[in-house]
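The lines below spell out each chain.
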Amino acid sequence: MRTLTRRCVCPGSFDPVTHGHLDVVERAATLFDEVVVAVLHNPAKNGTFEVPRRIELIHASLPEELRDRVRVEAFAGRLLVDVCRDVGATAIVKGLRGGTDFAYEMPMARMNKHLTGVETVFLPGDPTLEHVSSSLVKEVHRYGGDITGMVPDVVLAALEELEPRGSAAG
Ligand code: PNS
């Protein structure tokens, strides 16, 4: 009998990956056989980390036991629905931290469903990580705050190398 591989996409900028992202990827891996972590970026825009570095940091942060079921790939200037079709994913999995995420994500979920029928599965964000986002952790670190526990140690080290803690503080 042929068994169907259930595959989902966890999309994002991952600039850089946080424990909030990793929580969603790990929970997606309990619901799907395979997870594609899709690093989507606009080639016209520079992020903080180069895309290959973002991928390295995600790889380095994934739990060992998930590495054969979770793959990480970059997609430049693509619609998420096209990425889903290319990798054979039937669903998009995203975390929702609160009302602001809900308002931002819902039109995208509906648009993606309209375009190709792909479903979006929302996972309630871990309340202990509700305030954690890539942009906020970068800002807090840059101005001298402590982001220990919000990002994996490898990410903290990479951030420290790029923009040392407190480098923007007056
Ligand atoms: O980490 P982010 O920045 O919140 O991720 C947003 C992302 C990259 C998932 C979203 O902007 C996206 O899906 N971009 C791909 C382009 C696309 O499909 N746009 C139409 C969305 S309905």
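Provided above is the structure to which this section pertains.
Analysis parameters
- Residues numbered from 1 in each chain as written.
- Predicted model: local features only at pLDDT ≥ 70, side-chain atom pairs only at ≥ 80, totals over all residues.
- Heavy atoms only, no water.
- Helix = DSSP H or I, 4+ residues; strand = E, 2+ residues; numbered from the N terminus.
- Rg over C-alpha atoms; globule rule 2.2 N^0.38 Å.
- Buried < 20%, exposed > 50% of the residue type's maximum accessible area, 1.4 Å probe, protein only.
- Contact = heavy atoms within 4.5 Å.
- Areas by Shrake-Rupley, 256 points an atom, 1.4 Å probe, with all protein chains shown as cover.
- Lys, Arg positive; Asp, Glu negative; His and termini not counted.
- Charge placed at Lys NZ, Arg CZ, Asp CG, Glu CD.
- Near = heavy atom within 4 Å.
- Polar contact = N/O pair within 3.5 Å; in protein donor to acceptor, adjacent residues only side chain to side chain.
- Nonpolar A, V, L, I, M, F, W, Y, C, P; charged D, E, K, R; others polar.

J.: Would you take a moment to explain the overall build of the chain for this structure?
T.: The number of helices and strands found in the chain is six helices and five strands. Of the regular secondary structure in the chain, the N- to C-terminal order runs β-α-β-α-β-α-β-α-β-α-α. Its C-alpha radius of gyration of 16 Å places the chain within 12% of the 15 Å reference for a compact globule of 170 residues. By the burial criterion, 41% of the 170 residues in the chain qualify as buried. For the chain, contacts bridging at least 24 residues in sequence account for 73% of all contacts bridging at least 6. Accessible surface, the chain: about 9,400 Å² in total, of which carbon and sulfur atoms supply 54%. Of the side-chain charges in the chain, 19 are positive and 24 negative, and the distance between the mean point of each set is 7 Å.

J.: Before we go on, may I ask you to explain the site of the ligand in this structure?
T.: Pro11, Gly12, Ser13, Leu40, Arg78, Leu79, Leu80, Lys94, Tyr104, Met108, Met111 and Asn112 make up every residue found near the ligand. With respect to the ligand, the side chain of Ser13 contributes an N or O atom lying 2.7 Å from an oxygen atom. Here Leu80 contributes a backbone N or O atom positioned 2.8 Å from an oxygen atom of the ligand. Elements with a minimum of two residues in the shell around the ligand: β1 (7-12) and α4 (99-116). Among the elements that line the shell around the ligand, the one with the most residues is α4, at four residues. Residue composition of the shell around the ligand, grouped by class: seven nonpolar, three polar and two charged.

Function-wise, these values are silent; they only describe arrangement.
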